[in-house]
Amino acid sequence: MMPEGKEGKVVSINAGQGLKRRLVEMGFCEGSLVTVHRSERGALVVVVNGIKYALGKGLATKIMVSDC
Amino acid sequence: MEKKKITIALAGNPNVGKTTLFNAITGARQHVGNWPGVTVEKKTGKRTYKDTEIEVVDLPGTYSLTAYSLDEVVARDYVVEEIPDVVVQIVDATNLERNLYLTTQLMELGSKVVIALNMWDLAESRGDKIDTRKMEDFLEIPVVKTVANRAEGIDALLEEVVREVDKGEHHEHEVSYGDDIEKKIIELEGIVGKDSALSGKYPVRWLSVKLLDGDENILEKIEGSSVATQVNSVLSTIKKDDYEAAMAEKRYETINTVLPQICVKCVNEVTFSDMIDRAVTNKYLGIPIFLAMMWAAFEVTFTVATPLMEFVDMFFGWLAGVVAQSITNPVLGSLLGDGIIAGVGSVMIFLPNILLLFLMISLLEDSGYMARAAFVMDKLMYKIGLNGGSFIPLLMGFGCNVPAIMATRTIEDEKERLVTILVNPFISCGARLPVYLMLAGAFFGRNAGTVIFGIYILGIIVAILSAKLIRGTVVKGKPSPFIMELPPYRLPTLKASAIHMWEKGSIYLKKAGTIILAGVVFVWLLSAIPAPGVDAAFASEEILGTEDSLIGVLGHIIEPLVAPLGFDWKVAVALVFGFIAKEIVIGSMGVLYGTGEDEDALAEILTAGAMTPLTALGLMVFTLLYVPCIACVGVVKKETGSWKWTLFMMVYGTALAWIAAFLIYRIGTAIGWGL
């Protein structure tokens, strides 16, 4: 789980077919930079490509991110 | 000369200004908000530009041509199946990368596309430099700069649209997916091309790409075709999961190679929006801020409205005076005075409250806060088996449940959508507000505001508990993943919010002038007809609204049903007619108690013995929970597509209402309160 203010790179998305494609379409590609603006017990506000998204807890844990 | 007719569709990501542009082109006044999912149904309008008659279709926002939720299906189906002459894609200039993703899909489909580069002034003001000439060269698509909210660039856009139609040539653009995927595409093209029904309607390459994409809609089309087995045997050789995401990523790669050449800078920075978000999404502050905003909105609808209500009151008082003086025919006088003015007047007096309520909701919608509220509430929603996405439709229910239930189309998960629809009527809509205002005002004096706030809270609690109950029993399942774009805040302009308020307010006025008017006239008519065996003239003083009228007889028939709740036959009748529209509960009480237009007179009669604070509270709770109005029932049927669920909702709500009012009455009586 990434702390607030931290930036990371999307490594993989462990989600089912439709959901994974959906996330990629919204900009969560492998290699995309993600900044965590808020982390609240698992639920996140992140910025990808300058777009801000709210992610529920369940979804946030499916997106694997590495330090960069 | 015969005018040329063309159809254009406005497509684009959510919240890029499609509806604003639609309004700017057609002069319509469709509702615009600042949250993803404002438009859930396609809307059409007309515009004549030079010698061309243009039909403009505003589509719900979508991130791609693969649909996940119902509103996206509407958009996808229109572009793919109806094939408009030109698709105008509205591209948010501050957000090129993701917007161009949809462009690549439209290009692959072979749609004729014109890009409206919207909000480019915002992009420019933060230092982006977008080279539209290069953009046109790379994409081979005309690009027109627009600022929809100031109606800039509209003519240039239409000019380009007309030119694009006249051009006639049609080329499909390709995204290159790399050797491995391309091989599969070619293989599939060979197979799909053999089915002339399919290849006649859709580009073959596009079909093949979509199959590898795992697009369910296209897979279904193939299932029913002559090449189903062959296609499936090819698809069975690949690992679907890998392909889907890989292809989406390839599209992004294509965009990313082009992007640096057409746009300099183009990165978002920490902004004003981020600062607000630090507070409103805070772990500890998020929910208190939300509640404080609700409370403030609530206060405004009451305190500011009070002096305005005097004006409405004066108007109806004056009107009643004019009628009393000038109409000599007793029947007509009674119809106007005891029927229409009493009935409609008792509803209309609350117009200021309703307008302010709508203004508050408009401010909330236009600012961009809605999506944040969804985030803040996600955890609570998760606990009841839904996700934050269900929260916006619930919040909208405070205005009117009908559009709120339509708004559930943005919810991807079918079961979650169903549950959100079923509990939505418990969120107290604007039409129920007059009932509370009247009763609480009469019986609870200075505490009226608190009592009404309590009723709203009760509605929310019942909605939440019902959702949990339904989700745990008849519609089981885990909450689906929650993801929602948080759009940048925009300062709502007073003008836009006022227009928005007026639009909803005028619906209320129209309702008062039609359905409520008809309802109260009908109630008056029934109360003016003498009961069988009663020797009195039609609409004579001594029977009007009494047990000697026809309505009295009918009321007494249904009275036993609500007698255990402490309601008399007049309340019973009012509740029955409240099914037409909830305001009629008050309107028909105005007629039945024969109080004329004067709100205070009705309050006096009620407090003088017709009701007690206890039964008034019971009636408020009953009105909150029992079967929603006919328009709401209609939309529940339409959106669930099921009479079974619609009936379930009606019976469940009414049963709850009965039980709650019964408990209030019995417990209150037992402890000797409010007698």
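Residues numbered from 1 in each chain as written. Chains lettered and ligands numbered in written order. Predicted model: local features only at pLDDT ≥ 70, side-chain atom pairs only at ≥ 80, totals over all residues.

1. Concerning the overall build of chain B
What chain B contains, in helices and strands, is 31 helices and nine strands. Each principal axis of the C-alpha atoms in chain B carries an extent, and together these give about 90 × 55 × 50 Å. A total of 675 residues make up chain B; the buried ones form 50% of that total. The long-range fraction of contacts in chain B, counting pairs at least 24 apart against all pairs at least 6 apart in sequence, stands at 72%. (Helix = DSSP H or I, 4+ residues; strand = E, 2+ residues; numbered from the N terminus. Buried ≥ 20, exposed ≤ 12 C-beta atoms within 10 Å, placed from the backbone. Contact = placed C-beta atoms within 7 Å.)

2. Considering the interface of chain A and chain B
In this assembly, 28 residues from chain A lie in contact with 36 residues from chain B. Every element with two or more residues in the side of chain A that touches chain B is listed here: helix H1 (17-25), strand S2 (33-40), strand S3 (43-48), strand S4 (51-55) and helix H2 (57-60) of chain A. Among the residues making up the side of chain A that touches chain B, the classes are represented as 12 nonpolar, eight polar and eight charged. Across three bridges, the pairing between S4 of chain A and strand S9 (residues 483-485) of chain B is antiparallel. Following the sheet pairing, Leu55 of chain A is matched in S9 of chain B by Ile483 of chain B. (Nonpolar A, V, L, I, M, F, W, Y, C, P; charged D, E, K, R; others polar. Pairing = 2+ DSSP bridges.)

3. Quick word on the pairing of S3 of chain A
Residue and element names in this part refer to chain A. With five of six residues buried, S3 lies mostly within the body of the structure. Bridging between S2 and S3 involves six bridges; their strand directions are antiparallel. Residue pairing in the sheet places Val36 in a bridge with Val46 of S3. Hairpin remark: S2 followed by S3, antiparallel, with two residues in the connecting loop; positive phi at Arg41, about 45°. Pairing geometry for S3 and S4, over five bridges, is antiparallel.

4. Brief notes about the domain arrangement of chain B
Residues and elements named next belong to chain B. Domain annotation of chain B identifies domain 1 (4-167) and domain 2 (179-264). Inter-centroid distance (C-alpha atoms) of domain 1 to domain 2 is 25 Å. Contacts between domain 1 and domain 2 engage 17 residues on the former and 16 residues on the latter. Here the side of domain 1 that touches domain 2 gets seven residues from one element, more than from any other, and that element is helix H3 (residues 96-109). Looking at the side of domain 1 that touches domain 2, its residues break down into eight nonpolar, three polar and six charged. (Domains from an automatic or database assignment.)

5. Concerning the sheet that holds S9 of chain B
Within the open sheet, the six strands sit side by side as S5(A)-S1(A)-S2(A)-S3(A)-S4(A)-S9(B). Their pairing is antiparallel. The sheet terminates laterally at strand S5 (63-67) of chain A together with S9 of chain B, the two strands that pair on one side only. On average, each strand axis in the sheet is inclined to that of its neighbour by 40°, with strand direction left out of account. (Axes fitted to C-alpha atoms, helices over the stretch in contact; angles between N-to-C directions.)

6. So, unusual backbone geometry
Excluding glycine, a negative phi dihedral is what most residues carry, and trans is how most peptide bonds are arranged. All names here are of chain B. With a phi close to 65°, Asn15 is a non-glycine residue in the positive phi region. Summarising the element assignment, Asn15 is placed in the loop between strand S1 (4-12) and helix H1 (18-26). Residue class for Asn15 comes out buried when judged on the 24 C-beta atoms lying within 10 Å of it. Although it is not a glycine, Ile83 sits at a positive phi angle of roughly 50°.

7. So, helix H30 (residues 630-640) of chain B
All names here are of chain B. Along H30, the positions that sit buried rather than exposed are Cys632, Val635, Val636 and Glu639. All buried residues of H30 project into a common sector of 105° when viewed along the axis, lining one side. Facing away from the buried surface of H30 by more than 90 degrees, the exposed residues are Ile630 and Lys638. Those residues of H30 that are buried lie in contact with helix H20 (401-406), helix H21 (414-423) and helix H31 (643-670). Once H30 ends, the next one or two residues include Gly641, with phi positive near 65°. (Arc of directions from axis to C-beta.)

8. A few points about the nonpolar core
Counting 221 residues, the largest nonpolar core has Val88 and Met620 of chain B as its most contacted members. Taken together, domain 1 (4-167) and domain 2 (179-264) of chain B each give at least three residues to this core, which thus spans both. (Core = buried A, V, L, I, M, F, W, Y, C linked by C-beta atoms within 7 Å.)

9. Things to note about the packing of helix H16 (residues 330-348) of chain B against helix H27 (residues 583-592) of chain B
All names here are of chain B. Packing of H16 against H27 brings their axes to within 8 Å, and their N-to-C directions diverge by 140°. Regarding the angle of H16 to H27, the classification is oblique. You can see that H16 and H27 cross each other, and the crossing is right-handed. For the pair H16 and H27, the contacting residues are Asp338, Gly339, Ala342, Gly343, Val344, Ser346 and Val347 in the first and Glu583, Ile586, Gly587, Ser588, Gly590 and Val591 in the second. (Parallel < 35°, antiparallel > 145°, perpendicular 65-115°, else oblique. Left-handed = near helix turned anticlockwise from the far one by under 90°.)

10. Let's talk about the sheet that holds strand S5 (residues 113-118) of chain B
The strands making up a sheet associate through backbone hydrogen bonding, with each pair oriented either parallel or antiparallel. Residues and elements named next belong to chain B. Strands sit in the order S2-S3-S1-S4-S5-S7 across an open sheet of six strands; the sheet is mixed. Two strands bound the open sheet, and with one partner strand each, they are strand S2 (43-49) and strand S7 (143-146). Geometrically, the sheet is characterised by an average inter-axis angle of 25° between neighbouring strands, direction not taken into account. Sitting on the sheet, H1 is in contact with S1, S2, strand S3 (52-58), strand S4 (86-92), S5 and S7, with an inclination near 155° to S3. The strands that helix H2 (residues 70-82) touches are S1, S3 and S4; relative to S1, the one it contacts most, it runs at about 140°.

11. A look at the packing of H1 of chain A against helix H12 (residues 240-262) of chain B
Close contact between H1 of chain A and H12 of chain B brings their axes to 9 Å; oriented N to C, the two are set at 15°. As judged from the angle between their axes, H1 of chain A and H12 of chain B are roughly parallel. Our pair here, H1 of chain A against H12 of chain B, has a crossing hand that is right-handed. Together, Gln17, Lys20, Arg21, Val24 and Glu25 of chain A of H1 of chain A and Lys240, Asp241, Glu244, Ala245, Ala248 and Glu249 of chain B of H12 of chain B make up the contact between the two elements. For the contact of H1 of chain A with H12 of chain B, the class distribution of residues is three nonpolar, one polar and seven charged.

12. Let's talk about the environment of Lys240 of chain B
Relative to the helices and strands, Lys240 of chain B resides in helix H12. Placed 26 residues apart in sequence, Lys240 of chain B and Gly214 of chain B show a C-alpha to C-alpha distance of 7.0 Å. Among all residues touching Lys240 of chain B, those that are not within four sequence positions of it are Gln17 of chain A together with Gly214 of chain B.

13. Points about the environment of Gly472 of chain B
Residue and element names in this part refer to chain B. Mapped onto the fold, Gly472 is located in helix H23 (residues 448-472). Accessibility expressed as a C-beta count within 10 Å gives 12 for Gly472, which makes it exposed. Distance in space between the C-alpha atoms of Gly472 and Gly385 is 7.9 Å, their sequence separation being 87 residues.

14. What about the environment of Ile218 of chain B?
Residue and element names in this part refer to chain B. Residue placement: Ile218 occurs in helix H10 (residues 216-223). On the neighbour-count criterion, Ile218 (23 C-beta atoms within 10 Å) is buried. Along the primary structure Ile218 and Thr66 are separated by 152 residues, whereas in three dimensions their C-alpha atoms are 9.5 Å apart. The contact partners of Ile218, leaving out residues within four places of it in the chain, are Leu207, Lys210 and Leu211.

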